[in-house]
Amino acid sequence: MTLSVCLIVKDEQEVLGRCLNCVSKFADQIIVVDTGSSDDTVEEARKFTDEVYFFEWCDDFSAARNFAFEKADCDYVMWLDADDVISDENCEKIKKLKENADFDAAYLLYAASADGDKPTFEYYRERILKRSRNFKFEGAVHEAVSASGKIVYSDAVILHKKVKENEPLRNLKIYQKQIARGICLDERSKFYYGRELFFNGMYLESAAVLENFL
């Protein structure tokens, strides 16, 4: 099978090359969607692919990721973040997964590292999806795909290795804008909204949202 790897990026010149250098070892198509960079992210992306697109940011991560998926031409699509890193060993595991592709969705281990290369925690995420199934991301923040059909689990690890922190109020503001527009949060979004309130010290509001979620 062939594999399209899709990223959405903004101001990631510091880490994008690190990620795409890994991706180039197994991807048949690399798609980078820029959502409004003010640094040299686009120039860095073009060192690895001619398929760099632009998406007007609308406070919706799913919309941006789905736009990237729409540009894919291969049998399967894979999503990554710019600050993801894949070791040579894990690149080989992805190559083997490609060779034996007979699934609708493949879940790979997501490992987060707050300091250094040793993961703080890890869990499975839907990562490689059969393009003909037309799977879509859902959720403006903490977006995810509800995969179905034949699902396989791989021990290949994607290391999420940040070098800078996100703007702390970014996700909270997106949820608050949705609520202000009259959008009713689904249960998954309620959980993450409550968590964002907690992370930003709004404990009473967080408790109310999480109690409603429960």
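All of the points below concern the structure found in this document.

### With respect to the side chain of Thr-41
Assignment of secondary structure puts Thr-41 in helix H2 (residues 41-45). Residue classification places Thr-41 among the buried residues on the basis of a relative accessible area of 1%. A distance of 2.6 Å separates a polar side-chain atom of Thr-41 from the backbone nitrogen of Glu-12. Among residues more than four places away in sequence, those in contact with Thr-41 are Val-9, Lys-10, Asp-11, Glu-12, Gln-13, Leu-16 and Asp-34.

### Looking at the pattern of salt bridges
The tally for this structure, following the rule as stated, stands at 15 salt bridges. In this structure, the salt-bridge partner of Arg-65 is Asp-81, at a minimum N-O distance of 2.5 Å. Of the two residues, Arg-65 sits in helix H3 (residues 61-70) while Asp-81 sits in the loop between strand E4 (76-80) and strand E5 (84-85), which places them 16 residues apart along the sequence. For the pair formed by Arg-65 and Asp-81, the shared burial category is buried. Bridged by salt links that share partners, the residues Arg-65, Asp-81 and Glu-143 form one connected network.

### Overview of the packing of helix H5 (residues 170-180) against helix H6 (residues 187-199)
Remark: H5 packs on H6, axes separated minimally by 9 Å, with the N-to-C direction vectors making an angle of 125 degrees. If you check the angle between H5 and H6, you find them oblique. Between H5 and H6 lies a crossing whose hand is left-handed. Touching Asn-171, Leu-172, Tyr-175, Gln-176 and Ile-179 of H5 are Ser-189, Tyr-192, Tyr-193, Glu-196 and Leu-197, all from H6.

### Here's the deal with the packing of H6 against helix H7 (residues 203-213)
The N-to-C vectors of H6 and H7 enclose an angle of 160 degrees; their axes lie 8 Å apart at closest approach. Overall, the two elements H6 and H7 adopt an arrangement that is roughly antiparallel. Considering the relative orientation of H6 and H7, their crossing is left-handed. Note on element contacts: H7 touches H6 through Tyr-203, Glu-205, Ser-206, Val-209, Leu-210, Asn-212 and Phe-213, opposite Glu-187, Lys-190, Phe-191, Tyr-193, Gly-194, Arg-195, Leu-197 and Phe-198.

### Quick look at unusual backbone geometry
Unusually for a residue other than glycine, Asp-11 sits at a positive phi of about 50 degrees. Within the secondary structure, Asp-11 sits in the loop between strand E1 (3-9) and helix H1 (16-23). Backbone geometry at Asn-134 places phi at a positive 55 degrees, although glycine is not the residue there. Mapped onto the fold, Asn-134 is located in the loop between strand E7 (121-130) and strand E8 (137-138).

### Things to note about H3
Across the ten residues that make up H3, a large majority, eight, are buried. Within H3, burial applies to Phe-61, Ser-62, Ala-64, Arg-65, Asn-66, Phe-67, Ala-68 and Phe-69. Two or three places before Ser-62, at the opening of H3, Asp-60 has a side-chain oxygen 3.0 Å from that residue's backbone nitrogen.

### Observations regarding the side chain of Lys-98
Structurally, Lys-98 can be placed in helix H4 (residues 88-99). With relative accessibility at 12%, the residue Lys-98 sits in the buried group. Of the polar contacts made by the side chain of Lys-98, one reaches the side chain of Asp-28; its length is 2.9 Å. Setting aside anything within four residues of it in sequence, one finds Lys-98 in contact with Met-1, Leu-3, Phe-26 and Asp-28.

### Topic: the state of the cysteines
Counted by the stated rule, this structure contains zero disulfides. Considering cysteine sulfurs only, Cys-22 is the nearest to Cys-19, which forms no disulfide, with 6.4 Å between them. Among the residues examined, Cys-19 registers a relative accessible area of 1% and is labelled buried. In this structure Cys-184 is a free cysteine whose sulfur lies 20 Å from that of Cys-58, the closest cysteine sulfur available.

Rules of the game
- Residues numbered from 1 in each chain as written.
- Predicted model: local features only at pLDDT ≥ 70, side-chain atom pairs only at ≥ 80, totals over all residues.
- Heavy atoms only, no water.
- Helix = DSSP H or I, 4+ residues; strand = E, 2+ residues; numbered from the N terminus.
- Buried < 20%, exposed > 50% of the residue type's maximum accessible area, 1.4 Å probe, protein only.
- Polar contact = N/O pair within 3.5 Å; in protein donor to acceptor, adjacent residues only side chain to side chain.
- Contact = heavy atoms within 4.5 Å.
- Salt bridge = Lys/Arg side-chain N within 4 Å of Asp/Glu carboxyl O.
- Axes fitted to C-alpha atoms, helices over the stretch in contact; angles between N-to-C directions.
- Parallel < 35°, antiparallel > 145°, perpendicular 65-115°, else oblique.
- Left-handed = near helix turned anticlockwise from the far one by under 90°.
- Disulfide = S-S within 2.5 Å.

Function-wise, these values are silent; they only describe arrangement.
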